[in-house]
Amino acid sequence: MLNIEYSEKFDDDIYSLIDTEFSKFADKNGVVCDYTSFGFIAKEDNKVVGVIRGHSSYNEVHISDLIILEQYRNSHIGTRLVEAVEKYCADNGFESITLSTYDFQAPEFYKKCGFEVEFIRENKKNPKLTKYFLIKHF
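Quantities reported herein were computed from a predicted structural model and do not represent experimental measurements. (Residues numbered from 1 in each chain as written. Predicted model: local features only at pLDDT ≥ 70, side-chain atom pairs only at ≥ 80, totals over all residues. Heavy atoms only, no water.)

> Account for the nonpolar core, with residues named and values stated.
Val-61, Ile-63, Ile-77, Val-85, Ile-97, Tyr-110 and Phe-115 are the most contacted members of the largest nonpolar core, which has 23 residues in total. Within the residue set of this core, elements represented by two or more residues are strand S1 (36-44), strand S2 (47-57), strand S3 (60-68), helix H2 (77-91), strand S4 (96-102) and strand S6 (131-137). Among the elements that line this core, the one with the most residues is H2, at 6 residues. Beyond its immediate sequence surroundings of up to four residues, Ile-77 is in contact with Ala-42, Val-49, Ile-68 and Tyr-72. (Core = buried A, V, L, I, M, F, W, Y, C linked by side-chain atoms within 4.5 Å. Buried < 20%, exposed > 50% of the residue type's maximum accessible area, 1.4 Å probe, protein only. Helix = DSSP H or I, 4+ residues; strand = E, 2+ residues; numbered from the N terminus. Contact = heavy atoms within 4.5 Å.)

Shown next, in the form of structure tokens:
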């Protein structure tokens, strides 16, 4: 009998299964998956003030999170973290960086960083939750 369980965290065996199956399917289709998680941490006087993380796969990099402590916002830390991802992207031969962000978060910030809006999914009930899908090509 099939049993489906909810999980907020996977163990190493599940991550290994995911990596193996992604790679097998990609290989079967003639592409290289090479899924790799990454993160960059901004510190000031050994205090973490910002973090950016994501993953790379196929020919692109995807940013999943950018967090700057509130008291350090508007200090160009976010820009410097995005630039670190761009350098990672360029140094490793990726073609683009993708991400998504909500209206209340940072679509204008990413546009200033050179990202283009690919798609906007409007939220009619709560416009603050309108979602922007962005990309930056190299």
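> Report on a nonpolar patch on the surface, specifying residues and quantitative values.
A contiguous nonpolar surface patch, about 330 Å² in accessible area, is contributed by Ile-41, Val-48, Val-51 and Ile-67. One can find Val-51 in strand S2. Assessed through its relative accessible area of 31%, Val-51 is described here as partly exposed. (Patch = residues over 30% accessible without salt bridge, like charges linked within 9 Å, V, L, I, M, F, W, Y side chains within 5 Å. Areas by Shrake-Rupley, 256 points an atom, 1.4 Å probe, with all protein chains shown as cover. Salt bridge = Lys/Arg side-chain N within 4 Å of Asp/Glu carboxyl O.)

Distances and angles like these do not, on their own, reveal function.
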